[in-house]
Amino acid sequence: MADPTGFLKVPKTEAPKRPVDDRLGDWHEVYERQSPQDRAAEVSQQARRCMDCGVPFCHSETAGCPLGNLIPEWNDLVRRGRWNAASERLHATNNFPEFTGRLCPAPCEAACVLSIGEDKTGGSVTIKRIENTIIDQAWQLGIVVPQPAAITTGKNVAVVGSGPAGLAAAQQLCRAGHAVVVYEKADRIGGLLRYGIPQFKMEKHIIDRRLEQMSAEGVSFVTGAEVGKNISVEDLRRDCDAIVLAGGAEQPRDLKVPGRELKGIHFAMEYLPQQNRRCLGDAVDPETEILATGKRVIIIGGGDTGADCLGTCHRQKPLSVHQFEIMPKPPDERSPLTPWPMWPMQLRIEGAHEEGGIRDWSIATTKFSGEVGSVKRLHAARVGPAPKFEPIPGSDFTMDADLVLIAMGFLGPVRNGMIEQLGVALDPRGNVATDRNYMSSVPGVFAAGDMRRGQSLVVWAIAEGRKAAAAVDTYLRSSAVRSAPQISAVQQIAS
Ligand SMILES: Cc1cc2nc3c(=O)[nH]c(=O)nc-3n(C[C@H](O)[C@H](O)[C@H](O)COP(=O)(O)OP(=O)(O)OC[C@H]3O[C@@H](n4cnc5c(N)ncnc54)[C@H](O)[C@@H]3O)c2cc1C
Ligand code: SF4
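Thresholds applied
- Residues numbered from 1 in each chain as written.
- Chains lettered and ligands numbered in written order.
- Predicted model: local features only at pLDDT ≥ 70, side-chain atom pairs only at ≥ 80, totals over all residues.
- Heavy atoms only, no water.
- Near = heavy atom within 4 Å.
- Polar contact = N/O pair within 3.5 Å; in protein donor to acceptor, adjacent residues only side chain to side chain.
- Areas by Shrake-Rupley, 256 points an atom, 1.4 Å probe, with all protein chains shown as cover.
- Helix = DSSP H or I, 4+ residues; strand = E, 2+ residues; numbered from the N terminus.
- Nonpolar A, V, L, I, M, F, W, Y, C, P; charged D, E, K, R; others polar.
- Buried < 20%, exposed > 50% of the residue type's maximum accessible area, 1.4 Å probe, protein only.
- Pairing = 2+ DSSP bridges.

### With respect to the site of ligand 1
Then comes step 1: In the vicinity of ligand 1 there are 33 residues, among which Leu103, Glu184, Lys201, Asp450 and Val458 approach most closely.
Then comes step 2: Within the backbone of Ser456, one N or O atom sits 3.1 Å away from an oxygen atom of ligand 1.
Then comes step 3: Between an oxygen atom of ligand 1 and a main-chain N or O atom of Val458, the distance comes to 2.9 Å.
Then comes step 4: The protein chains hide 95% of the 1,000 Å² of surface that ligand 1 would expose on its own.
Then comes step 5: Those elements that place two or more of their residues in the shell around ligand 1 are α10 (164-175), α15 (304-315) and α19 (458-478).

### Re the site of ligand 2
Then comes step 1: Taken together, 13 residues form the shell around ligand 2, and within it Cys50, Cys53, Cys58, Cys112 and Val113 come nearest.
Then comes step 2: Here the shell around ligand 2 takes three residues from helix α4 (residues 71-79), the largest share from any one element.
Then comes step 3: Split by residue class, the shell around ligand 2 holds 11 nonpolar, one polar and one charged.

### Points about the pairing of strand β12 (residues 403-406)
Then comes step 1: Side chains Leu403 and Leu405 project from β12 onto one buried face, and the interleaved Val404 and Ile406 project onto a second face that is buried too.
Then comes step 2: As paired strands, strand β5 (residues 265-267) and β12 are joined by three bridges and run parallel to one another. When the sheet's bridge partners are listed, His266 is paired in β12 with Leu405.
Then comes step 3: Where strand β6 (residues 296-300) and β12 come together, four bridges link them in parallel fashion. Bridging from a neighbouring strand, Ile298 pairs with Val404 of β12.

The structure is reproduced here in C-alpha cells:
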C-alpha cells in the first residue's frame, strides 16, 4: 500500500539536465544519461511520493492525462521495483510512453493533488520522469517485444500520416488482426516527431526502435506516398475496408505584413526539419539552406515551436536571438483564472529558454524592411491585451534582423489534395469533422490527431489514434464490410 506521507519524507527531484555549455555543443537530448541502476533507485524513491489518492485527478482524462494513464498503479509498482509489471500497466493505455515521457507538458502533474499548496507538499509527483524511466528500463530489460495478433480478420486498413496519431492507430489495428498500411508523404516515418521536434528534445533512434517493433507485428510503411497526389483516394477507397486520416495540421499561420516577401523570413517548419535532417546525416541543399549561424535572429511566437526554434538557433551559434510574443507575459505562478486541477496559465521556462536568448511579450510586428531583397529589420509596436491588441502610442521600435522565424501556430490541415478529393466535411475551424466514433462524413473514413482536433499535443494524438482505432475495429467487425486485397496503392508507389 502507498505511503500517504511519502511526499513529506522524499523531496521532489526532476530528471537532471546536462550543463547548458555541454548541451549547446551537441544535438543530444538535454537530460543527463544516468546509469540504469542510479536512475531506477532515484525514481523508485520519487514514486514513494504518490499518495494513491482515492480520486486520482492525475489520471482523469478531462483534468489530467488524456490517455487515462493508470498513474497511481504504476507509481506503486515502481516504488516496489516491479519494472516489468509497471511497463505492462503503462502500455495498457499508452503505445509510446517514450514519446510522452520526453515530450508531454504533463497535464497530469498540474492535476496531481500534491500540486495544491506546493510550498507545503513540495510539489506534484514527478509523473513524467517516472513514466520515462519505466519505459527506458523496459527497453533496457528487453521486455518491449513485438506483439503480433493471434488472428487475422482479412480486413484492410489504410492509415494516412505517420505521426503519433497514425502510429498509435496503426499499432492498435494491427494488433486487432487487421492488415494495416501506413502511407506517409515524407521520406521517413514519424510526422512531427521526426521532422518537427528537435533532436535535443527527442533523439530519433527512439522512434526507430518502435517502428521496428511495429514492422515485426505486421504494420507496413510506405514513404514518399502522398494520398491525393501520387496515391489516389479512389484506389484507397476501393482497396481498403477503412481509412484513418492522421495527416496533422500542417497549414502554418502566416504574418501578412509589408515586407513578408523578403528573403530570410521563414516558417518554423521550413527551418526545423532541415536541422533534423542534418542530424540524421542528410545533406541540405545550399540553395534553400536556412542557418542561424552568425545571424541576428528574431523568432515570432512565444510558444513551444518558438522555443524549439530558439534551442536550434543556439546550437547553430547565432549572433543574437530574440523571441517575441503578442500575448502579455503570463504570471510566474498559476493564474487564479486557471485554478487546480486545470492546466495552469503561467510562465513556462523550457530547456531552450535556460540556454539564452531574450524573450519579450505584448509585441506585434508591423512590417519588415530590407536591403537587396533580404530582410534587415523588423518593425514592431507594443500592444495591449487580447483580443484587440491595440498598439500603444509611441511604443514603435525597430530591431536589426538577418533571419526571422515565424512560429505563430497552425490553421488546421491542408485542405487541397486528399481532403478535397475525399469530400469529407470540415468543422467550423477547418479540421476534419467526425462523429463520436471518429468517423467523418464519408462512411468508412475516420480521422484522428491534429487533422481532427487542430494543432495539439503528442499525448492527444496518441489518445485519438487509439480511440479511432477502437472505433474502426468496431466498424469492421460489426458491418458487412467486404474485403479486397490491398495491393494496388503499394504497387503504384513501387512502380
Ligand atoms: C515544432 C513542433 C514542436 C512540437 N513539440 C511538441 C512537444 O514537445 N510536445 C507535444 O506534446 N507536442 C508537440 N508538438 C505538437 C505535436 O507534435 C503534434 O500535436 C502531434 O505530432 C500531432 O500528431 P499527428 O499524428 O496528428 O500529426 P503529425 O505529427 O503532424 O503527422 C502527420 C503526418 O501526416 C503526413 N501527411 C499529411 N498529409 C498526408 C497525405 N496526404 N498523404 C500522406 N501523408 C500525409 C505528414 O507528412 C506527417 O508526417 C509540436 C509541434 C511542432 C510543430
Ligand atoms: S494525484 Fe498525484 S498523489 Fe494522487 S494518485 Fe495521482 S500522482 Fe499520486
